[in-house]
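Coordinate inspection notes
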Amino acid sequence: MSAATLVPTTAPDTEEEADLRATARDIARRCRDTAGEDHSGCWSALDGAGFTQLREADEDGSPLATATMTAIVVEELAGAVCGAPLVGALLAGELARLAGASLDAPATVLLTEDLAGLTVDGTGLAWDAGPPLRHALALSGHDLLVVDLGDPTGTQDLSRSVARPSGGTRRLAAGPSADALGRFGSFARLLLAADLLGTAGRLFADAVEYAKQRIQFGVPIGSFQAVQHLCGRAYAEVEALRSAVITAAWALDAHAEHRETSLVAKSYAARTGVEIVEHAVQVFGGVAITWEFPAHRHLRRALLDAEVFGGAEATADALLALVDQEATDGPE
Amino acid sequence: MDLSESPELVAFRDGLRKWLRDNVIEQGADEPRGLFLKRWHQVLFAGGWVGLSWPTEYGGRGLSNVYDVALNEEIGALGAPDAPRIGYMGRAFLQWGTQEQRDRYLPRLLSGEDYWCQGFSEPNAGSDLANLSTRAERTGTGYRITGQKVWTSYAEYCDFCILLARTGESGGRHKGVSAFVVPMRSPGIEVRPIVATTGESEFCEMFFDGVEVPEENRLGAEGDGWPIAMMTVAYERGAADVGYLSKFGAALGELRTLLGDRLRTDAAVRRRVADLEVRFRILTTHVRRRLAERDLADTLPGPEMSVDKILMTEVDQALHRAAIDLLGASAVLPAESDAAGEWMRRYLYSRAASIYGGSEQIQLNLLAQRVLGLPR
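A quick note: this is a predicted structure, and the numbers were derived from the prediction, not measured.

Another aspect to go through is the overall build of chain B. Regarding its fold elements, chain B presents 13 helices and eight strands. Rg of the C-alpha trace for chain B: 21 Å, near the compact-globule value of 21 Å for 376 residues, within the 12% margin. Across its three principal directions, the C-alpha atoms of chain B cover 70 × 50 × 50 Å. The contacts in chain B between residues at least 6 apart in sequence include a share of 71% that link residues at least 24 apart.

Below you can see the structure in the form of structure tokens.
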């Protein structure tokens with residue numbers, strides 16, 4: 001199976017985005033070919049490319065990379081189900097920047113026990129806390145804290161670990177404003193949606209290639225209409241999800257309606273991301289239910305991604321609440 | 001991708017909103033829907049809101065494609081009648097038409113003075129369109145057309161038809177198909193409206209018995225009919241190209257209003273509507289991306305538009321099914337002819353969404369074979 005297979009899309013990258021995507025894809029390809037269970041090399045490569053600091057502040061306080069560029073990197077690495085804690089690090093970078101602070105060492109973020117959002121009382125669970133991360137940013141009342149983390153433990157998502165605070169805590173800065181926290185939530189939903197797009201889209205692309213090569217009844221299984229329709233439907237979902245991710249990223253970059261667009265993206269990603277992986281598993285058939293084959297890693301990642309920063313129903317409900325509010329308040 | 005709205009587009013929306021508040025018309029009690037939509041098209045055109053992305057030389061506004069999304073959204077937000085959905089039929093003239101044909105037909109198509117229909121499907125050429133058997137035989141000065149078409153929207157009110165007919169050998173599949181402009185008042189045409197499950201008759205049968213058309217009415221060269229048809233249906237699959245975004249937006253708003261407090265007090269109702277909201281936003285988001293791409297790359301729509309048709313159908317059917325489920329007895333008890341049966345009519349119409357314009361299964365075939373490259 002080639003790591004270079006992609007589903008066709010009409011969505012264009014700018015030249016800068018295409019360069020970034022190529023670099024990220026190269027790191028993802030090496031991860032897929034060689035990493036196994038140890039992703040420290042992936043982290044070094046990501047760090048070396050500056051990808052772990054994309055959302056930290058430049059001299060005037062704006063992020064080093066746009067949300068669009070950041071989502072591209074996340075999508076590509078998720079395609080390899082890379083175990084380096086990139087998303088955790090990007091979220092911590094964003095949270096620190098929004099609080100006007102900077103990080104001494106890379107960190108992840110501390111979430112509530114149900115993973116639905118940032119903790120507000122300094123307790124909870126650090127998600128995407130694999131090595132080399134030893135700290136998490138945590139909101140506690142009006143403060144933003146750096147908490148030390150205990151040893152990471154595995155989850156059903158084989159690519160990502162969680163960790164609990166181990167006791168050591170220091171105040172980093174005052175917590176971000178309510179408005180900034182709103183932006184953080186949108187950014188977090190965007191990254192999770194991009195992670196689902198990458199995880200699901202790449203496995204699906206591989207499934208399509210497999211359907212062209214796997215012979216049964218003397219012909220490629222991809223020539224059967226039942227298989228074609230499975231693939232056609234999954235493709236429509238991949239492209240719709242891509243539209244949602246592109247739009248949510250743009251809304252953050254352009255200071256447009258980022259809450260709505262990110263809720264749409266996360267809700268749709270949580271539902272269809274998992275479905276697309278399930279479709280791909282069906283196309284691969286028996287091979288996809290073996291431990292050795294990576295399909296279950298994609299499925300596990302998608303299922304946990306779906307919960308982080310709000311599941312499909314919770315985010316849809318939050319969207320409806322926004323619509324209600326607009327209907328009550330009238331258009332802006 | 002830059003999805004920002006320019007100050008000009010924002011001003012356009014403001015102007016459109018104000019204009020719509022003063023100019024929306026209502027369907028007359030005895031006015032057939034087809035004639036009402038034609039009248040609305042003409043009112044919209046007079047206001048300057050039709051043909052936004054069309055060249056100015058044909059009466060369009062020469063604006064970018066995203067203006068069509070804005071038009072759809074504003075009409076939908078206000079619950080105004082659907083945006084005109086026939087503009088897509090003229091697109092083929094821009095690529096295949098002669099200058100004379102464009103000058104003659106396009107301005108009146110955009111203004112709504114002429115109403116157009118699409119003569120593609122036949123009794124034995126539905127999903128298998130390439131099996132069409134309507135013939136156009138050469139005469140000294142043009143062609144003589146004989147055959148039968150079906151599922152033609154509003155044919156009884158139309159002035160012109162874009163008709164596919166076989167000029168090559170019978171059984172030639174995609175080869176030997178040509179496209180013609182047929183004036184609907186030509187001798188030898190009989191139109192029979194079909195009463196649909198909604199009780200209304202949008203779709204018609206058309207019979208052509210030796211209908212004479214001059215050679216200048218052929219669109220493109222002989223044998224260009226298939227690519228012309230494929231390009232036309234690609235546009236037909238875009239929710240903004242056919243005005244459906246406006247329809248769904250208006251219906252969803254209306255449903256929310258009808259549900260009122262149940263939306264806040266009944267968790268099951270709320271969950272269902274929240275799901276619809278996400279699906280509708282996904283369609284809007286996707287359509288906007290498509291049109292932004294079309295503006296950016298200056299490309300014509302292709303087989304990827306089947307994604308759009310699938311998303312459009314999903315919203316259409318999920319929305320109207322949910323409406324019937326949630327409105328319950330109030331939707332299904334009124335007499336068939338009662339105005340209160342409107343949601344039931346809309347629901348029944350939505351069941352056609354996965355059949356017309358290329359069935360759901362044909363869209364999936366196209367994505368699998370033409371986009372993903374799976375073997376035929």
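Structure shown, so let's carry the discussion forward.
To continue, consider the overall build of chain A. Along its length, chain A carries nine helices and nine strands. Taking 332 residues into account, the globule formula puts the C-alpha radius of gyration at 20 Å, and chain A, at 20 Å, falls close to it. Referenced to the eigenvectors of the C-alpha coordinate spread, the extents of chain A come out at roughly 65 × 50 × 40 Å. Each of the 332 residues in chain A was classed as buried or not, and the buried ones make up 56%. For chain A, the share of sequence-separated contacts (at least 6 apart) that also reach a separation of at least 24 residues comes to 68%.

Right, let's talk about the UniProt feature "domain: Acyl-CoA oxidase/dehydrogenase middle" (unreviewed entry) in chain B for a bit. As annotated in UniProt, the feature "domain: Acyl-CoA oxidase/dehydrogenase middle" (unreviewed entry) corresponds to residues 117-211 of chain B in the numbering used here. The span residues 117-211 of chain B shows a helical share of 0% and a strand share of 49%, and its end C-alpha atoms are spaced 16 Å apart.

What follows covers the UniProt feature "domain: Acyl-CoA dehydrogenase/oxidase C-terminal" (unreviewed entry) in chain A. The UniProt record marks residues 187-313 of chain A with the feature "domain: Acyl-CoA dehydrogenase/oxidase C-terminal" (unreviewed entry), using the residue numbering of this structure. Taken end to end, residues 187-313 of chain A has its terminal C-alpha atoms 19 Å apart, with 77% of it in helix and 3% in strand.

How large an interface is tends to be reported as the accessible area lost when its parts come together. Residue and element names in this part refer to chain B. Splitting chain B by domain gives domain 1 (7-85), domain 2 (116-223) and domain 3 (237-371). The distance between the C-alpha centroids of domain 1 and domain 3 comes to 20 Å. Contacts between the two partners involve 15 residues from domain 1 and, on the opposite side, 17 residues from domain 3. Among the residues forming the side of domain 1 that touches domain 3, the class breakdown is six nonpolar, five polar and four charged.

The next subject is the nonpolar core. All names here are of chain A. Core analysis: the largest hydrophobic core is formed by 214 residues, its most contacted members being Leu137, Leu190 and Val245. Take this core: its biggest share by element is 18 residues, from helix H5 (residues 178-213). Ignoring any residue separated from it by four or fewer positions in sequence, one finds Val245 in contact with Ala71, Leu190, Ala193, Ala194, Leu197 and Ala265.

All names here are of chain B. Considering the arrangement of structural elements, one finds Pro183 in strand S5 (residues 177-183). For the pair Pro183 and Val213, spaced 30 residues apart in sequence, the C-alpha separation works out to 8.3 Å. What Pro183 contacts, discounting residues up to four positions off in sequence, is Asp159 and Phe160.

Residue and element names in this part refer to chain A. With mixed pairing, seven strands are arranged side by side in an open sheet as S5-S6-S2-S1-S3-S4-S7. With partners counted over all chains shown, the strands left at the sheet margins are strand S5 (153-154) and strand S7 (165-174), one partner each. Where strand S1 (residues 108-111) meets strand S3 (residues 135-140), two bridges bridge the pair, whose relative direction is parallel. Across the sheet, Val109 pairs through a bridge with Leu137, a residue of S3.

Rules used in this analysis
Residues numbered from 1 in each chain as written. Chains lettered and ligands numbered in written order. Predicted model: local features only at pLDDT ≥ 70, side-chain atom pairs only at ≥ 80, totals over all residues. Helix = DSSP H or I, 4+ residues; strand = E, 2+ residues; numbered from the N terminus. Rg over C-alpha atoms; globule rule 2.2 N^0.38 Å. Contact = placed C-beta atoms within 7 Å. Buried ≥ 20, exposed ≤ 12 C-beta atoms within 10 Å, placed from the backbone. UniProt positions renumbered as here; feature names shortened; annotations may be inferred. Domains from an automatic or database assignment. Nonpolar A, V, L, I, M, F, W, Y, C, P; charged D, E, K, R; others polar. Core = buried A, V, L, I, M, F, W, Y, C linked by C-beta atoms within 7 Å. Pairing = 2+ DSSP bridges.

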